[in-house]
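Structural overview
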Amino acid sequence: MNLEAVLDVIGCKTRRDILALLTEEPKFVSEISQQLNIGQKAIIGHLKAMEELGLINPTYKKIERGRPRKYYEITQGVEIKIFIKPDKINMHMLGEEFTELYHIEERLYNGDIEAISDLKTLIEKYKNALKYAEELLKQVEFPHQQKNEKKTIITDITKAIPEYKN
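Residues numbered from 1 in each chain as written. Predicted model: local features only at pLDDT ≥ 70, side-chain atom pairs only at ≥ 80, totals over all residues. Heavy atoms only, no water.

The subject of this paragraph is the pattern of salt bridges. The final tally for this structure, using the stated rule, is seven salt bridges. The closest approach of N and O atoms between Lys13 and Asp17, which form a salt bridge, is 3.0 Å. Here Asp17 and Lys13 lie together in helix H2 (residues 13-24), a separation of four residues that amounts to about one turn. For Lys13, a relative accessible area of 52% gives the class exposed. Classification of Asp17 by relative accessible area gives partly exposed; the value is 27%. One salt bridge in this structure joins Glu24 and Lys27, with 3.7 Å as the shortest N-O distance. Owing to a relative accessible area of 57%, Glu24 belongs among the exposed residues under this scheme. A residue is classified by how much of its surface remains accessible, and Lys27, at 2% relative accessible area, is buried. Via salt bridges that share partners, Glu24, Glu25 and Lys27 belong to a single interconnected network. (Salt bridge = Lys/Arg side-chain N within 4 Å of Asp/Glu carboxyl O. Helix = DSSP H or I, 4+ residues; strand = E, 2+ residues; numbered from the N terminus. Buried < 20%, exposed > 50% of the residue type's maximum accessible area, 1.4 Å probe, protein only.)

Geometry only, nothing functional implied.
Shown next as structure tokens:
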């Protein structure tokens, strides 16, 4: 999930209000419309933007009479850290490193056996990222001890982390 896209979507108060309603329980369009006192057409537009981003998901539930009803629910947690000071703005989406894990978890619950292999690969990726982070910490805490070893260890570790570019 892209941080800029998340900020664009949640920059709208109506969308934040919709998300707040969906934290209570999944809801259908007319429920959201009534509770927020906003037209259904506008609600559908907001829901579509959040669905395209992956913040919410529609599910269908049978009702006693008529067609199944389309409910919307929040699909995953997103936490954003924003730090603003006179010379710097730093924004980071916390938990984004777990997005892949959440998708694998969903696949596993849906009976996708191939997701087990993907989970094992992800675990190795996390282990390598941990080794890399520990090595960086050593370099900062004990810079004189690490000078000769640094280049080799970081190169070996970062080869296993595809997102990292030297």
